[in-house]
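Descriptive analysis of the structure
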Amino acid sequence: MSATAISADLIRKALIDAGYGRCFVLQAQIDALLAEYAPLCKQVQQQTLLENSEELVYPIAEKRPAEVTFQLSEDKMSATATVTAAYGGAPLAANALVKAAQEAGIVFGFQKEQIIQLIQTSSQAEPGAQLQAEIAIGRLAKDGLDSRFDPLIPDMVVRRKRPQVDSIHKVDLRDFGSVPSVVAGDPLMRRLPPTLGEAGYTVTGEKTPAEPGKIIEWQLGSGVALSSNDPNLLLAKQEGLPRSIEHGATVDDVFNTSQVDLGSGHIIFKGSVVITGNVAAGMKVLAGGNVYIKGVVEGELIEAGGDVVIDGSIIGHQVSEGDQHFTTVVKAKGDIHCALAQYSELHCQGALFASKYLMHCKVEAKTVLAGSEDKINGKIVGGHYLLANGLSCGQLGSPSNSPVMIQLNRLITPLLEQQRLLREQLVLSRHELEECKAQIEQLRKASAGKGDPQLQMFELDFQQQRELVKALITEVKALEEQRQQILQTLEIKVTQQLFSAVEVQFGPQSVRTRREHSPSRIKISEGRPLIEPL
């Protein structure tokens, strides 16, 4: 026993000086020691107790190894480890963590890098510090794929405009190859069997079964038949032009002609049409299949149930000055291909490809590409475009500032209209809900019992209206999420020059160029349309 007073801070400092600073301090023991030491120390000071006459022994610190606990997500698809850093004791090893996890029932999806990083960080952390990391991730089940339909003739889907290269590697820019045709017995399409999918596993090793794919039945068009030896192989039954349809194919009859003019009259044919020359002004070509035209189109209407491929140009004129109606209209349920088009209306459900330029056209399409897939160098001057996805070209606009209007609203506008109708219905439903609530309160004030038929009717109506309001709100939110997802995919890409007087609309938002830009893209960024360098 000593006459010198001691404190908790003095004891802690002594621990550090002795090399035990990282140990776990037993504060209760220190408090008990100080409580017993203080009166004895006072007695020594008053000389009523001899110095060194008594020795007090208390454990005041101890080494503790690192500890780990685990938490599972509600669906057991992930596991998080929480490591408490060691108090002077042994740090946690990676193998020990994995073994402890296995003892806790975590047996699948260990994340090696995450575990190593957690171990390294915890070994250098302050004593008692708690660190967390996701150390195991389950595997989601992958549902099987339904039957897929693989075209055996690539050009049956779309005839890409690629110049042909001969044996000496010489390119003929006017020759895009022959129109694809088949004879009876030629294979057209193969149906690939559905797959079983891949089972998933939770981190606890529980298996989650996958949904197997379904067999999709053939949709057989005209001129085709299934192979007698293989129900998954589709064959041509007649000579003609093959065309892919959903879950199948068809072989169109072919109408060949050199010209469409006053001598031939309008062409109206249920199959495909091949025109080796031009389509004169005022003439019409209507085909149930594809339309192939080698020459120039000045006709009034070209309409196809498939693609329209024009090796030459589309030359139209304004009906009247400043009018958006033109003398030439081309419509396709598939894609439209041409070298160039001017003062024409072009409508397709697929994409519009113009290898050279589009000038003052009115276009409705999924996407527009001016140039080629390998080299985007085509020009777009003036015009009005209603598109679903986007547009790519080399030059957009012109030095003369001809206005270009691009509306990327083909998918957005229907969603906005659906939202408007749903919000109107939501206002009415909320009004009816408030009226119903008021009726219920009025009946309850009139001391109507719970068994009152009128009160029960209003309460049932209230519940139904409330469920309807919830469903409408959910649907509006789902449409808004869908709209936002679409907005993020929309893009205008200009690889050479972007001139002024180009306006691009993204739903109700728009951006307009006021000067010339170098290669640029126009897209939604941070919630608004912006022009960014490419």
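Turning our attention to the pairing of strand β21 (residues 301–304). Where strand β19 (residues 284–287) and β21 come together, 4 bridges link them in parallel fashion. If you follow Lys284 over to β21, its bridge partner there is Leu301. Where β21 lies against strand β24 (residues 328–332), 4 bridges are found, and the strand directions are parallel. Following the sheet pairing, Ala304 is matched in β24 by Ala332.

Right, let's get into the side chain of Asp311. Topologically, Asp311 is positioned in the loop between β22 (308–310) and β23 (313–315). A polar atom in the side chain of Asp311 sits 3.3 Å from the side chain of Lys294.

Attention shifts here to the side chain of Thr328. Checked against the element boundaries, Thr328 lands in strand β24. Among the polar contacts made by the side chain of Thr328, one reaches the main-chain carbonyl oxygen of Gly299 at a distance of 2.9 Å. Not counting residues within four places of it along the chain, the set of residues in contact with Thr328 comprises Val297, Glu298, Gly299, Glu300, Ile314, Ile315, Gly316, Ser344 and Glu345.

Before going further, it helps to spend a moment on the confidence of the model for the protein chain. The predicted coordinates ought not to be read in detail in places where the model reports low pLDDT. Summary statistics for the protein chain give a mean pLDDT of 88 and a share of 93% for residues scoring 70 or more. In the predicted structure, residues 158–166 sits below a pLDDT of 50 and forms 40 contacts with residues beyond four places in sequence or in another chain. Below pLDDT 50 for its whole length, residues 171–178 participates in 19 contacts with residues either more than four positions away or in separate chains.

Attention now goes to the packing of aromatic side chains. Centre distance and the angle of the planes are the two values used to describe a pair of aromatic rings. As enumerated under the stated definition, the model contains 5 aromatic pairs in all. Relative to Tyr201, the ring of Phe108 lies with its centre 5.3 Å away and its plane at 35 degrees, an arrangement referred to as tilted. Here Phe108, found in the loop between α3 (94–103) and α4 (112–124), pairs with Tyr201, found in strand β10 (residues 200–201); they are 93 residues apart in sequence, far enough to count as distant. Residues Phe255 and Phe269 carry aromatic rings whose centres are separated by 5.7 Å and whose planes lie at 45 degrees to one another, so their mutual orientation is tilted.

Along the chain, Leu262 turns up in the loop between β16 (254–257) and β17 (267–269). With a relative accessible area of 81%, Leu262 lands in the exposed category. A C-alpha to C-alpha distance of 9.4 Å links Leu262 and Ala281, two positions 19 residues apart in sequence.

Turning our eyes to something else, we now look at the sheet that holds strand β4 (residues 78–84). Strand order across the open sheet formed by 3 strands is β3-β4-β5, with antiparallel pairing between neighbours. Edge positions in the sheet fall to β3 (67–72) and β5 (130–137), since each of these pairs with one other strand and no more. Shown here is a sheet whose adjacent strand axes are inclined to one another by a mean of 25 degrees, direction ignored. Where β4 meets β5, 7 bridges bridge the pair, whose relative direction is antiparallel. Looking across to β5, one finds that Ser78 is bridged to Ile137. Sitting on the sheet, α3 is in contact with β3, β4 and β5, with an inclination near 45 degrees to β3. Across the sheet, α4 touches β4 and β5, and the angle it forms with β5 is around 165 degrees.

Cut-offs used in this document
Throughout, a residue's number is its position along its own chain's written sequence, starting from 1. This being a predicted model, a pLDDT of at least 70 is required before a residue's local features are given, and a value of 80 or more before pairs of side-chain atoms are given or counted; all residues contribute to the totals for chains, interfaces and linings. Calculation of side-chain values draws on the structure's entire complement of heavy atoms; hydrogens and water are dropped beforehand. We treat two strands as partners when DSSP finds at least two bridges between them. Strands are runs of DSSP state E lasting at least 2 residues, helices are runs of H or I lasting at least 4, and numbering of each runs from the N terminus. Any N or O atom pair separated by 3.5 Å or less is treated as a polar contact, with the protein-specific requirement of one donor-capable and one acceptor-capable atom, and with residues adjacent in sequence counted only for side-chain atom pairs. Contacts between residues were defined by any pair of non-hydrogen atoms, one from each residue, lying within 4.5 Å. Per-residue confidence from the predictor is reported as pLDDT, which spans 0 to 100. Side-chain rings of Phe, Tyr and Trp, where Trp is taken by its six-membered ring, are said to pair if the distance between their centres is within 6.5 Å; with planes under 30 degrees apart they count as stacked, over 60 as edge-to-face, and otherwise as tilted. For every residue, the accessible area (1.4 Å probe, protein chains only) is compared with the maximum for its type, and the residue is labelled buried under 20%, exposed over 50%, or partly exposed between those bounds. With axes taken as lines fitted to C-alpha atoms, and helix axes fitted only over the stretch in contact, angles between N-to-C directions fall between 0 and 180 degrees.

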